[in-house]
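Okay, here's what each chain looks like letter by letter:
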Amino acid sequence: MYLKLVKVFFKENFSLKRLFGINLKNSKAKTIGLMVLMAYVLVVFLGGFGFMFFDLAKLLNESDQLGVVVSFAVTYTLGLSIMMALLRSSGYIFHYKDYDILAPLPLKGSTVLFAKLSVMLLMVYLTSTFFVIPIFAAYFFYNGLSFFGLLYAVIGFLLAPLIPIVVLSFVNLLITKITQRLPFAKLLNIVLMFALFIGIFAMSFTINESSVNPLNGQIDVISGFAKYYPLVRFFVEAVHETNHLSFLLYTGISLIIFYLYVVGIQRFVRKTNQSKQNAYINRNKKVTFQSNSIRKSLILKEFKTYFSIPIYVLNTGLGVVIIFALSVASLFFKSDIETVLVELTSMNMSLVPLLLVVFGFSITMTYTPSVSLSLEGKHFWILKSLPVDPFEVMLSKILFNVLLVVPVSVIGVLLLSYSLEFTAVEGLLLLLSIAAYSVLSSTLFSFVNLYFPKFEFNNEVEVIKQSIASFISVFGGFALLITLSFGYYWLNKVLTYEWCLLIIIGVMIGLNYLLFIVLKKAARKQFINF
Amino acid sequence: MLEIQNVSKSYGQKKANDQISLSILPGDIYGFVGHNGAGKTTLLKAIAGIIDFDEGSIMVLNKSVKKDPIGVKKEIAYIPDNPDVYESLSGIQYLNFIGDVFNVSAIERQTLIEKYANMFELKEVLSHPISSYSHGMKQKLVIISALIHKPKVLLLDEPFVGLDPKASFLLKETFRQLCEEGASIFFSTHVLEVVEKLCNKVAIIKQGKIVAQGLTQDVIKNQSLEHLFMEIASEA
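Residues numbered from 1 in each chain as written. Chains lettered and ligands numbered in written order. Predicted model: local features only at pLDDT ≥ 70, side-chain atom pairs only at ≥ 80, totals over all residues. Heavy atoms only, no water.

Undergrad: Looking at this model, I keep getting lost on the side chain of asparagine 449 of chain A. Mind explaining?
TA: Residues and elements named next belong to chain A. Looking at the secondary structure, you find asparagine 449 in helix H21 (residues 424-451). Overall, the relative accessible area of 0% leaves asparagine 449 in the buried class. Of note is the side chain of asparagine 449, whose polar atom sits 3.5 Å from the backbone nitrogen of valine 371. Ignoring sequence-local partners within four residues, the contact set of asparagine 449 consists of Pro369, Ser370, Val371, Ser372, Leu373, Ser374 and Ala469. (Helix = DSSP H or I, 4+ residues; strand = E, 2+ residues; numbered from the N terminus. Buried < 20%, exposed > 50% of the residue type's maximum accessible area, 1.4 Å probe, protein only. Polar contact = N/O pair within 3.5 Å; in protein donor to acceptor, adjacent residues only side chain to side chain. Contact = heavy atoms within 4.5 Å.)

Undergrad: Sorry, what's going on with the interface of chain B and chain A here?
TA: A common way to state how big an interface is: give the accessible area lost once the parts meet. On the chain A side, the residues contacting the 38 residues of chain B number 33 residues. Together, the buried faces of chain B and chain A total about 3200 Å²; carbon and sulfur atoms form 66% of this surface. One can count zero salt bridges joining chain B with chain A. The interface formed by chain B and chain A includes nine residue pairs in polar contact (both at pLDDT 80 or more). Of all the secondary-structure elements, those providing two or more residues to the side of chain B that touches chain A are helix H2 (69-75), helix H3 (91-101) and helix H4 (106-119) of chain B. Top element by residues in the side of chain B that touches chain A is H3 of chain B. It accounts for eight residues. Here the side of chain B that touches chain A is composed, by residue class, of 21 nonpolar, nine polar and eight charged. (Buried area = accessible area lost by both parts, 1.4 Å probe. Salt bridge = Lys/Arg side-chain N within 4 Å of Asp/Glu carboxyl O. Nonpolar A, V, L, I, M, F, W, Y, C, P; charged D, E, K, R; others polar.)

Undergrad: Honestly, the packing of helix H4 (residues 67-94) of chain A against helix H6 (residues 109-143) of chain A in this entry has me stumped. Any pointers?
TA: Residue and element names in this part refer to chain A. Close contact between H4 and H6 brings their axes to 9 Å; oriented N to C, the two are set at 155 degrees. For the element pair H4 / H6, the angle class is roughly antiparallel. Here the hand of the crossing between H4 and H6 comes out right-handed. Counted by class, the contact of H4 with H6 contains 21 nonpolar, five polar and two charged residues. (Axes fitted to C-alpha atoms, helices over the stretch in contact; angles between N-to-C directions. Parallel < 35°, antiparallel > 145°, perpendicular 65-115°, else oblique. Left-handed = near helix turned anticlockwise from the far one by under 90°.)

Undergrad: What's the story with the sheet that holds strand S8 (residues 184-188) of chain B in this structure? I'm lost.
TA: To summarise the sheet geometry, strands pair through backbone hydrogen bonds and adopt either a parallel or an antiparallel arrangement. Residues and elements named next belong to chain B. Judged by pairing direction, the sheet is mixed, and its six strands sit side by side in the order S6-S7-S8-S3-S9-S10 without closing on themselves. What marks the edges here is a single partner per strand, and that holds for strand S6 (76-79) and strand S10 (209-215). Each strand axis lies, on average, 15 degrees off the axis of its neighbour in the sheet, ignoring direction. Here four bridges tie S6 to strand S7 (residues 153-157), and the two strands are oriented parallel to one another. Residue pairing in the sheet places isoleucine 76 in a bridge with valine 153 of S7. (Pairing = 2+ DSSP bridges.)

Undergrad: What should I look at first to understand the side chain of asparagine 17 of chain B in this one?
TA: Residues and elements named next belong to chain B. Summarising the element assignment, asparagine 17 is placed in strand S2 (residues 14-24). On the accessibility criterion, asparagine 17 (0% relative accessible area) is buried. Engagement of the side chain of asparagine 17 in a polar contact is seen with the backbone nitrogen of leucine 43, the distance being 3.3 Å. If near-sequence neighbours (up to four positions away) are discounted, asparagine 17 is found in contact with Val7, Ser8, Lys9, Gly39, Thr42, Leu43, Ile205 and Gly208.

Undergrad: Would you mind going over the state of the cysteines with me for this structure?
TA: Every disulfide links exactly two cysteines, by a covalent bond between their sulfur atoms. All names here are of chain B. Using the criterion set out here, one finds zero disulfides over all chains in the structure. Between cysteine 199, a free cysteine, and cysteine 179, which holds the nearest cysteine sulfur, the sulfur-to-sulfur gap is 9.2 Å. Among the residues examined, cysteine 199 registers a relative accessible area of 5% and is labelled buried. (Disulfide = S-S within 2.5 Å.)

Undergrad: I tried to follow the pairing of strand S4 (residues 55-60) of chain B on my own but got confused; where do I start?
TA: Taken residue by residue, a regular strand's side chains alternate between the two faces of the sheet. All names here are of chain B. Across five bridges, the pairing between strand S1 (residues 2-11) and S4 is antiparallel. Counterpart to glutamine 5 in the pairing with S4 is serine 57. Pairing analysis gives two bridges linking S4 to strand S5 (residues 63-64), with the strands arranged antiparallel. Within S5, the residue paired with valine 60 across the bridge is lysine 63. What sits between the antiparallel neighbours S4 and S5 is a turn of two residues, in which leucine 61 has the positive phi angle 50 degrees.

Undergrad: Is there a simple way to think about helix H1 (residues 40-47) of chain B in this case?
TA: Each turn of an α-helix holds 3.6 residues, which means side chains three or four residues apart point in the same direction. Residues and elements named next belong to chain B. Most of H1 sits inside the fold, with six of its eight residues counted as buried. For H1, the set of buried residues is Lys40, Thr42, Leu43, Leu44, Ala46 and Ile47. Immediately beyond the C-terminal end of H1, within one or two residues, lies glycine 49, with a positive phi of roughly 80 degrees.

Undergrad: I keep staring at the environment of glutamate 55 of chain B and nothing clicks. Help me out?
TA: All names here are of chain B. Locating glutamate 55 in the fold gives a position in strand S4. Overall, the relative accessible area of 39% leaves glutamate 55 in the partly exposed class. Distance from glutamate 55 to glutamine 19, taken between C-alpha atoms, is 7.9 Å for residues 36 residues apart in sequence. In this structure glutamate 55 touches Asn6, Val7, Ser8 and Gln19, once residues within four positions along its chain are discounted.

Okay, here's the thing in structure tokens:
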């Protein structure tokens, strides 16, 4: 029965239709396009990531510290497990949506729970594999392949997520319990999660200034982490030194804790699933009958949806947070930046275009138009039955994204202009470029969602993180940015950087105008076909 | 008011609607019955402009659904079989959103929202998030949202499902009142007694084809609608 349940849950989460949102059998062109894109991304990612780790493994091997590479593999898996447990354990363990279907069935609670946890683990394995394969490839390349080394690496990898899931699922439950009965519960949840992620992010990306390879900066953090979490040490000893005792300790501790967790929380899981998740209701709130224009009303609806789904904000709001954090940081680290500026000047590079690349990456990470149409999901009948032009719907989604990015960017540019003493022309060029890129990327993202929607989902995370539209948008956005950077590079050979930027801004505006014309027709055509 | 001519719609090999023709006049309360999967929802969605249809024409107040979808949507209200509404909004925010889309003035929307919210006993919870509503409360909210812009044609897919007896009674009364004012109502249902008592016209759909239609009394003659329905269902 356990295997049957896992099969059903797995299909529910990972069937091709569920992953891609479209029936691939119906569209050969889309299938081929997707396969090519995925192959490209896979090669670029594995190649890039693999290159960094081969470089690191080579360095560490020379100083007889190759074991550190193994700790990277387990730490990355732990990191992903932490994220998964924080974001998904509520939906998988404590408040799963199919409880009413499963509870009346003659199934043991432990079987259902174990099946749910298995699917969650499969999710961690699938994502971690992308990181772990290049890491172990680099490690075994320099260390040489051994039977026990490989066996312990594989088993160790499979057991790595168990304890983080046990611990972090309770943290997630605690955060939800604390915040759900407070006003602005979702916002508090978002702030807490952001604080947690930024903390982990800041810690793990403490870049060593003297090094080109950013992984070098993480070595100290990972070594420090291993001190507090001895299982990382056991794992490294088991794989690198073929220490059988360490392997037994690692396996035993992981399995015993996980077993106790599965057995111990069954009643608790039944209780949380039976209890209703009561949100805070302000009973004194007055009813107002305010009228707005259609566009404003649609944009307000987007804002409400956005801040009601913490995972939506956490995944698409990071870019905006980075822009703001960097701009504020520029006020405090002025002298460090000036040192970099001197170096750049000696290399004949201008700061404004470089800053624009940073802004561009952050703006690309704000990809709401590539998922917001999909998120209409089962509510889509509302927009389809209302007298609203589909283009207006798409435009509201584009404008919402621009409104997320541009105001924060304006503050960012003002702060940067002050701390880096930009001229008015430089500040204006920055602003215009950011605004034009923001509109262009948002429009392109909305096209992606229009042609790759995913209206059927159980949890929003399936759309926000796992849909093909979000995948295409983020990587496509980076490709657009790189293309524009190349355009700048070639133009800069014959023109000053101000003129280059003006031309690129003009191109972006022109392109956007054309895209709007196409979007108008495309939206009307697609909406009726959904 | 609503003219459906030779409308066909297929999903792959399956014909959900096959050459359907119906005429709904001002003041009609038109019941639409058929077994599960007969094609009721498909036709209602096609009229509402939610899905496209392959052949035929649908005209609402002389406006074509294909050529002027926005113009048609301004005149109609559609209620689906499942009241899935934006759970991130409160009841009043949802109604204001619908009011904005239909350009209902603040004063008029206040009058109508208060009237219907009182009627369906939803006034006290209008400021609460929709996520806290029960299925029936959501159904009532969707009904109110369909009424606040005074549509000329109401298209409803099983509107009585999930309503308590009082709300069900009030909805029927509202239907009658709207039709007296000249509106048309076209709704699907499995509750045949409702059709018998409420509707002046009825259409029965089987495997995508209309097999009986007209004045309710002419269609059912001297038997009950249930008997007629069972007779039609058992025919090959």
